[in-house]
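Fold and contact review
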Amino acid sequence: MPSRTSSASGPLVRIAVVGTGAIGRRHALFCMEEPDVSLVGIVDPAESAGGFAADLGVDHHRSLDALLERHKVDGIIIAAPTQLHRDIAMVAISHGVSVLIEKPITVLPAEAAELVVAARSTGAKILVGHHRRHNPVVQRAREIVTHELGRLLAVNVLWALLKPPSYFEPDWRRRIGAGPILTNLVHDVDLLRYICGEISSVTAQTKASARSHDVEDTVAVLLAFESGALGTLIGCDASPSPWSWDLNSGENPLLPLSRENSYRFFGTEGALEFPDLHLWRYRVDGEPGWTQPISRENRTVHVAADAYRLQLQHFVRVITGEEEPLVSGEDGMRSLQATAAILESAMTGRSVDPSRLT
Ligand SMILES: NC(=O)c1ccc[n+]([C@@H]2O[C@H](COP(=O)([O-])OP(=O)(O)OC[C@H]3O[C@@H](n4cnc5c(N)ncnc54)[C@H](O)[C@@H]3O)[C@@H](O)[C@H]2O)c1
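Computed from a predicted model, the values in this text were never measured in an experiment.

1. Looking at the domain arrangement of the protein chain
- The assigned domain composition of the protein chain is domain 1 (4-131 + 308-327) and domain 2 (133-305 + 337-356).
- The gap between the C-alpha centroids of domain 1 and domain 2 is 28 Å.
- Opposite the 18 residues of domain 1 that make contact, domain 2 presents 22 residues.
- Buried area between domain 1 and domain 2, summed over both chains or domains, comes out near 1800 Å², and the portion from carbon and sulfur atoms is 62%.
- Of all residues in domain 1, the largest losses of buried area upon contact with domain 2 belong to His130, His131 and Leu326, amounting jointly to 32% of the total for that side.
- At the boundary of domain 1 with domain 2, the tally comes to 0 salt bridges.
- In this assembly, domain 1 and domain 2 are joined by 6 residue pairs in polar contact (both at pLDDT 80 or more).
- Counting residues per element, the ones that place at least two in the side of domain 1 that touches domain 2 are helix H1 (22-33) and helix H9 (307-319).

Set out below in structure tokens:
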């Protein structure tokens, strides 16, 4: 394990990125900019990856095994298609190398469980790429929900936007396992678990009527939390809508910002709009209630740092042993279970307890 002091003589940790498509390229570029990181190489079987590697001045390999034969690495970022996460992560973990695995951790919860067990035996650390948790806005929302809303009663989430036809050009994005539930809503599910606590039951219906793809385009979900709170979540990737974390957070420079709120948390003492962090509550003498004017407090957090960059810096500290993963393999598995429960409920027409899914 590299130590903190080695940064004086050069970059602290050696990282490789596996899969350099849309998100992998961003990871690689962040690695190039991070003083504590040395990007030792990239892995991607695609021809175009060679040019990207040459532009960065790093080695290009077609498999992780080939890279590991040539280089010593301390951490591997896995940003290949989700269906490959399990096998690629297993190669890294069996070499004792820590991994930052893009979300969802795997396609099946059972695959995630295998990775958790394997990492325990080799000492490798797993950090799952639910980058939103690193965003200061999310951390502030969690504090407000925990300390200022009273008892949480309900939460309402909208995730609706329009993915253009070009998004679906890579064939894997049209196949089961790559629809908006596993690809996008897994982030919202993880965020809900982070802010509201564990999900105890999921009831859902899906539709695939907007395009001629196998994967769903629309889903409606009813959630129950262990705390007793209830939640609803609408997901749709086929509607021209401004309400989704992706468009409202400004996290992705490729997506124009729409300043709308896509989450609402309801507690016994107040309600919170998110991500703008508008806190609504009664500040009146006498009996609070709907006959009184309700006040809005602005708790907006102005984010200077990029959540992906903060995630990478955290990954470095996980590798050096300074911090435990903010999103561990178990955590990624639980978020996957709750997300898979949406698919399971939609298929069976029954409510599903996520912890029963393996
Ligand atoms: N955290 C986020 O915000 C975020 C955003 C987008 C995607 N993702 C996740 O990242 C992963 C990749 O998504 P994407 O949109 O970048 O996909 P993409 O299709 O744009 O890129 C995938 C890349 O992996 C490469 N690849 C294919 N087989 C490989 C192999 N065996 N070894 C190494 N590389 C291989 C492909 O050639 C391609 O370059 C998915 O799991 C997705 O859910 C996360």
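Now that the structure has been shown, we can carry on.
2. Overview of the site of the ligand
- The full set close to the ligand counts 26 residues, and Asp44, Thr82, Glu102, Arg173 and Tyr308 are the nearest of them.
- A distance of 3.0 Å separates an oxygen atom of the ligand from a polar backbone atom of Ile23.
- A distance of 2.8 Å separates an oxygen atom of the ligand from a polar backbone atom of Lys103.
- Surface burial for the ligand is 81%, taken as the share of its 850 Å² of free accessible area covered by protein chains.

3. Description of the sheet that holds strand E3 (residues 59-61)
- What the 6 strands build is an open sheet, ordered E3-E2-E1-E4-E5-E6; its pairing is parallel. Bordering the open sheet on either side are E3 and strand E6 (126-128), each of which pairs with just one other strand. With direction set aside, neighbouring strand axes in the sheet form an average angle of 25°.

Parameters at a glance
- Residues numbered from 1 in each chain as written.
- Predicted model: local features only at pLDDT ≥ 70, side-chain atom pairs only at ≥ 80, totals over all residues.
- Heavy atoms only, no water.
- Domains from an automatic or database assignment.
- Contact = heavy atoms within 4.5 Å.
- Buried area = accessible area lost by both parts, 1.4 Å probe.
- Salt bridge = Lys/Arg side-chain N within 4 Å of Asp/Glu carboxyl O.
- Polar contact = N/O pair within 3.5 Å; in protein donor to acceptor, adjacent residues only side chain to side chain.
- Helix = DSSP H or I, 4+ residues; strand = E, 2+ residues; numbered from the N terminus.
- Near = heavy atom within 4 Å.
- Areas by Shrake-Rupley, 256 points an atom, 1.4 Å probe, with all protein chains shown as cover.
- Pairing = 2+ DSSP bridges.
- Axes fitted to C-alpha atoms, helices over the stretch in contact; angles between N-to-C directions.

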